[in-house]
Amino acid sequence: MSFDSNIPPGPLSEKWTRYRGTMNLVAPNNKRRIEIIVVGTGLAGASAAATLGELGYNVKCFTFHDSPRRAHSIAAQGGINAAKNYANDGDSVYRLFYDTIKGGDYRSREANVHRLAEVSRNIIDQAVAQGVPFARDYGGLLDNRSFGGVQVSRTFYARGQTGQQLLLGAYQALSRQIAQGSVEMYNRHEMLDLVLVGGKARGIIVRNLLTGELERHAAHCVVLATGGYGNVFYLSTNAMNCNVTAAWRATRRGAYMANPCFTQIHPTCIPQSGDYQSKLTLMSESLRNDGRVWVPKNQEDAKAIREGKKTGNDIKEENRDYFLERRYPAFGNLVPRDVASRAAKVACDEGLGVAPTGLAVFLDFEDAIMRYGKSKAHSMGLHNPGDSKIRELGEKVVEEKYGNLFEMYEKITGENPYKLPMKIYPAVHYTMGGLWVDYNLETNIPGLFAIGECNFSDHGANRLGASALMQGLADGYFVLPYTIGQFLSQEIRTPKFNPDAKEFLDTEKDTRERLERMVNVKGNQSVESFHRRLGRIMWDYCGMSRNADGLKKARKMIQELREEFYRDVFVPGAINDYNPELEKAQRVADFFELGELMVVDALDRNESCGGHFREEYQSEEGEALRNDEDYAYVSAWEYKGWDEDPVLHKEELVFENVELKTRSYK
């Protein structure tokens, strides 16, 4: 196994173009002889499978959903970044590259990030050609809005349904290849293990979720596009089925897990309402374009709001603290997600929270409604309109921009966000960590590729808003289809692999024994109860802030909880049958092992950067303190099992095109 980033030589702005023009290719007649497995059908997986099929490869595509279009990418709301400079406000490929490097707190590879910025421009053209209904301005051109961490408008959007529309575009492309026979689709199949033959990834073991049957599938290489692992925290904005099993089973087979502690906390989520809640709902970051974040200046007012004696409207302007605008005047409410989240936590820790739990701040659209209303009235030639008319006109403008988001908020909370300020609080959203990959998106296991949120490569310690959709589609449409040829060009004489070979039978046996072990415990506690307890440990000790004592305590607690799981979990039903509880059990079992590794990684990194905030390393103003001298590297962990500490492999990060300096959004 190799641990070489394989970054091509040459100037940063020319690396990808030169490399793409000189890399190894697979001729069209040879593509027909090669089989590729793609696991996952989100934006990365669907776009990759469709593109590889269009190129002529034989693709097998797997999803545990009943339809590819049910992938979690469909839940993304706010938009997708691209360096088109349509707003003519100074954007460029370099600026997107720089914003992404800075937003990730200088913990990502320059070469990968610059490539992402380059191909971002192609994604929009691809999506428009597929019929994605991006918002348009009054002249009919594609519209843009701004997102956190930037000072330009580069985010393309389809109201609050951008992920859905982009996934439908990728799904159309995938469906075309399915109809033509170049992609064989396996719905309701979940990958449970990776098969290695001669040290290379040559297949997977999957479970048919409807029948319970284990199946062996072989190919010349395997592509994982299985998303992130935010559900290790139990409560997150992820779909309930999101898990780490495919990536973790690859880690168990020798793939390195990189930067697992880098978790993104999203600042604009609907606050948790009770202890028995199992899912959190994201409100798009686009709302921070017009919404102003604030809390009462006085604890007495905050307490009255928590007790229902006052509302946000009862607090006078002079008694409000617009803390993001106060602390970060240059970016205001559009600071990056990690910065906004920590600032909200600080406000609530000071007793200024506005939800009954004390964990919420306001996101207020009053100023935006009145501003838009006045502008609309002026354009209509209305002179001296009253406040009620201005409000009426302003609410219509806001509804056009954010209507479905406001409707969703009201249905969940029972409060009208046009009349009362929204309540929001940070929640686990995205994971920047993932399988380590080189410039070709290949893991250290030859023939195993990881794309989208499944890999670690582009976002460093914090992801900028609207960059997840960008990376997923960049990897699937415009990067992997080229770079996979570097491996497959050496495989054109390799015959198809036999799924009845010993390596496949042995791996299937391992998988069956693992499932039987969980079913045969016959304990007293539900899988859900263990997952909830694990999530609480992770959130309390490895969530928005961490410290050494808490992380050491958390590791011991996770180990004890894992042992209790294998002693007392109750998994009803049988293996060879439809069994959703067994699905959850094997996912939670993998979360235990991943959770411990996340804690180990957070404890090893003695600095604060991006979403990794160690309380021991902060400035007097409460900002993150990086240690570039000792920690400017990717932490790639080799898992050794329960009884051994994982082994750390360091990929040193070299910055030749940006200056390493403390992030400032002031």
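Residues numbered from 1 in each chain as written. Predicted model: local features only at pLDDT ≥ 70, side-chain atom pairs only at ≥ 80, totals over all residues. Heavy atoms only, no water.

Asks: Account for the packing of helix H15 (residues 527–542) against helix H17 (residues 580–604), with residues named and values stated.
Replies: Running from N to C, H15 and H17 cross one another at 20°; their axes reach a closest spacing of 10 Å. Overall, the two elements H15 and H17 adopt an arrangement that is roughly parallel. Where H15 crosses over H17, the handedness of that crossing is left-handed. Of the residues in H17, those touching H15 at Val527, Glu528, Phe530, His531, Leu534, Met538 and Cys542 are Glu581, Lys584, Ala585, Val588, Phe591, Phe592, Gly595, Met598, Val599 and Ala602. (Axes fitted to C-alpha atoms, helices over the stretch in contact; angles between N-to-C directions. Helix = DSSP H or I, 4+ residues; strand = E, 2+ residues; numbered from the N terminus. Parallel < 35°, antiparallel > 145°, perpendicular 65-115°, else oblique. Left-handed = near helix turned anticlockwise from the far one by under 90°. Contact = heavy atoms within 4.5 Å.)

Asks: Hey, could you go over the sheet that holds strand S8 (residues 214–218) for me, with residue numbers and the actual values?
Replies: Each strand in a sheet pairs with its neighbour through backbone hydrogen bonds, running either in the same direction (parallel) or in the opposite one (antiparallel). Pairing is antiparallel in the open sheet, where three strands are placed in the order S6-S7-S8. Both outer strands of the open sheet, strand S6 (189–197) and S8, are each paired with one neighbouring strand and no more. Across the sheet, the axes of successive neighbouring strands diverge by a mean angle of 25°, strand direction being ignored. Bridge count for strand S7 (residues 200–208) against S8 is five bridges, and the pairing is antiparallel. By the bridge assignment, Gly203 is partnered in S8 with Ala218. (Pairing = 2+ DSSP bridges.)

Asks: Report on the nonpolar core, specifying residues and quantitative values.
Replies: Ile36, Ile80 and Ile484 are the most contacted members of the largest nonpolar core, which totals 180 residues. Looking at this core, the element that brings in the most residues is H17, giving 12 residues. Excluding residues within four positions of it along the chain, Ile484 makes contact with Ile36, Leu52, Tyr57, Cys221, Val223 and Phe449. Listed in part, the eight residues of the second largest apolar core include Ile305, Tyr322, Ala355 and Phe362. (Core = buried A, V, L, I, M, F, W, Y, C linked by side-chain atoms within 4.5 Å. Buried < 20%, exposed > 50% of the residue type's maximum accessible area, 1.4 Å probe, protein only.)

Asks: Residue-level account of the packing of aromatic side chains, with values.
Replies: For the structure on display, the rule yields 26 aromatic pairs. Between the aromatic rings of Trp248 and Tyr639, the centroid separation amounts to 4.9 Å while the plane-to-plane angle is 70°, which identifies the pairing as edge-to-face. Taken as a pair, Trp248 in helix H7 (residues 245–252) and Tyr639 in the loop between strand S18 (633–638) and strand S19 (647–652) lie far apart in primary sequence, 391 residues in all. By relative accessible area, which is 14% here, Tyr639 ends up buried. Every member of this aromatic cluster is reached through a ring pair, and the members are Phe530, Phe565, Tyr566, Phe592 and Trp642. Over the face of the ring belonging to Trp16 we find Arg115, whose NZ or CZ atom lies 5.0 Å from the ring centre. Looking at Arg292, its charged tip hangs above the ring of Tyr322, at a distance of 3.7 Å from the centre. (Phe/Tyr/Trp six-rings, centres within 6.5 Å; stacked < 30°, edge-to-face > 60°. Lys NZ or Arg CZ within 6 Å of the ring centre and 35° of its normal.)

Asks: With reference to specific residues and values, describe the pairing of S8.
Replies: Among the five residues that make up S8, four are buried, leaving the element largely enclosed by the rest of the structure. The antiparallel hairpin formed by S7 and S8 contains five residues in its connecting segment, where Gly212 sits at a positive phi of about 85°.

Asks: Pulling in residues and values, what's your account of the packing of H15 against helix H16 (residues 548–568)?
Replies: Their axes nearest at 10 Å, the elements H15 and H16 cross at an angle of 175°. Between H15 and H16, the angle falls in the class roughly antiparallel. Listed contacts from H16 to Phe530, Arg533, Leu534, Ile537, Met538, Tyr541 and Cys542 of H15 are Gly550, Leu551, Lys553, Ala554, Met557, Ile558, Leu561, Glu564, Phe565 and Asp568. Looking at the contact of H15 with H16 residue by residue, the classes come out as 12 nonpolar, one polar and four charged. (Nonpolar A, V, L, I, M, F, W, Y, C, P; charged D, E, K, R; others polar.)

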